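# Secondary and tertiary structure notes
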Amino acid sequence: MNIPVALMTKEQLNAKPTRSWKIEPNKIKYASLKLDYFRGTYSNNKWTIGGDYNDDLDEVVESLNNGRVRYGRPIFAIGLKFRATGGAEYRLKFKNLNQRKSPNEYIFISREGAKGTFISRVDLNDRNEFNYIFKEERSNEVTLKFSAIPNLDYTPSEGRVERRRYTYYWQYVSISEIKIDRIN
């Protein structure tokens, strides 16, 4: 896929925050950070997104590669709204609680701000976290959306084999908290 991988320096990863915002399943709003929508399952201590969907995977990949957000079955299962200060650098951070590993451990993040929509691939790091750096030139509300982990090697269960091309699978991602740190 030609979706750019979001890169982060060690300095950005380890930077001490000057301010932090955090939401959890039992507290979905904190100051200007709020859960906008959620498509998955949740309990008091975690959100879980992922599962299988019947659709054409080729269409989904083409939509992402062309920067289009598809409607209907959700590619982006969680959406956040956040008021960003112009010129400030932020780090979105959440831990993947799942113990199961797959060969492709990444998610897609869509950021909608004043300059348009940007879609990035974010890799799981060695701390079992997804981290994403963003910066807005002007103060405005930013929408951040993210997907589960795409499993492109999914083999459907018996009875669904004839529909293989139209069935793809998002590996489950469980999250206990979503945090945004201002790091400059």
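Remember, predicted model here, so these are calculated numbers, not experimental data.

## Topic: the packing of aromatic side chains
Geometrically, a pair of aromatic rings is defined through the distance of the ring centres and the angle of the planes. Tallied over the full model, the rule gives 10 aromatic pairs. Consider the rings of tyrosine 132 and phenylalanine 134, whose centres lie 6.1 Å apart with planes at 20°: the pair is stacked. Residue classification places phenylalanine 134 among the buried positions, given a relative accessible area of 2%. Of the aromatic side chains, those joined through ring pairs into one cluster are Trp21, Phe82, Tyr90, Tyr132 and Phe134. Above the face of the tyrosine 106 ring, arginine 121 is positioned so that its terminal group lies 4.0 Å from the ring centre.

## Topic: the sheet that holds strand E1 (residues 19-23)
Spatial ordering of the open sheet is given by E1-E14-E7-E10, a layout of 4 strands whose pairing is antiparallel. The open sheet terminates on both sides in strands that have one partner only, identified here as E1 and strand E10 (129-135). For this sheet, the mean angle separating the axes of adjacent strands, direction not counted, is 15°. Where strand E7 (residues 89-95) lies against strand E14 (residues 178-182), 4 bridges are found, and the strand directions are antiparallel. Its bridge partner being in E14, arginine 91 is matched across the sheet by aspartate 181.

## Observations regarding unusual backbone geometry
What is expected of a backbone is that most residues other than glycine have negative phi and most peptide bonds are trans. In this structure, alanine 31 takes a positive phi of about 50° despite not being glycine. For alanine 31, the location among the structural elements is in the loop between strand E2 (29-30) and strand E3 (33-38). Since its relative accessible area comes to 44%, alanine 31 is described here as partly exposed. Phi is positive for asparagine 128, which is not a glycine, with a value near 65°. Mapped onto the elements of the fold, asparagine 128 is located in the loop between strand E9 (116-123) and E10.

## A look at the side chain of threonine 48
Summarising the element assignment, threonine 48 is placed in strand E5 (residues 47-54). Assessed through its relative accessible area of 13%, threonine 48 is described here as buried. One polar contact links threonine 48 to serine 174, side chain to side chain, over a distance of 2.9 Å.

## Topic: the sheet that holds E2
By definition, the strands of a sheet pair up through backbone hydrogen bonds, in either a parallel or an antiparallel sense. The strand order across the open sheet built from 6 strands is E2-E3-E6-E11-E8-E9, with neighbouring strands paired in antiparallel fashion. Every other strand in the sheet has two partners, leaving E2 and E9 as the edge strands with one partner each.

## Remarks on the pattern of salt bridges
Scanning all chains against the criterion turns up 9 salt bridges. The shortest N-O distance in the salt bridge between glutamate 24 and lysine 22 comes to 3.6 Å. When the shortest N-O distance is used, the salt bridge between glutamate 177 and lysine 22 registers 3.5 Å. Of the two residues, glutamate 177 is situated in the loop between strand E13 (167-175) and E14 and lysine 22 in strand E1; the sequence distance between them amounts to 155 residues. By relative accessible area, glutamate 177 is classed as partly exposed at 27%.

## Re the environment of phenylalanine 134
Mapped onto the secondary structure, phenylalanine 134 falls in strand E10. Measuring from C-alpha to C-alpha, the distance between phenylalanine 134 and leucine 92 comes to 7.9 Å, with 42 residues separating the pair along the chain.

## Considering the pairing of E10
Burial within E10 is extensive, with 6 of its 7 residues counted as buried. Both E7 and E10 contribute to a ladder of 7 bridges, which runs antiparallel. Residue pairing in the sheet places glutamate 89 in a bridge with lysine 135 of E10.

The rules behind these values
Throughout, residues of each chain are indexed from 1 in the direction in which the sequence is written. Whole-chain, interface and lining totals are the exception, using all residues; otherwise, since this is a predicted model, local features are given only for residues with pLDDT of at least 70 and side-chain atom pairs are given and counted only at 80 or more. Only heavy atoms go into the side-chain values, all of them from the structure, while hydrogens and water stay out. Aromatic rings from Phe, Tyr and Trp, taking only the six-membered ring of Trp, are treated as a pair when their centres fall within 6.5 Å; an angle between ring planes under 30 degrees marks them as stacked, one over 60 as edge-to-face, and anything in between as tilted. The buried label applies to any residue whose accessible area, calculated with a 1.4 Å probe on protein chains only, is under 20% of its type's maximum; exposed applies above 50%, and partly exposed to all values in between. Criterion for a charge above a ring: Lys NZ or Arg CZ within 6 Å of the ring centre, and within 35 degrees of the ring normal. One bridge is not enough; two strands pair if DSSP finds at least two bridges between them. Going along the chain from the N terminus, every DSSP run of H or I of four or more residues is numbered as a helix, and every run of E of two or more is numbered as a strand. To obtain an axis, a line is fitted to C-alpha atoms, over the contacting stretch when the element is a helix, and the angle between two such axes runs from 0 to 180 degrees between their N-to-C directions. In protein, a polar contact means a hydrogen-donor-capable atom and an acceptor-capable atom, both N or O and within 3.5 Å, with residues adjacent in sequence counting only if both atoms are side-chain atoms; elsewhere, any N or O pair within 3.5 Å suffices. Throughout this description, the term salt bridge denotes a Lys or Arg side-chain nitrogen within 4 Å of a carboxyl oxygen of Asp or Glu.

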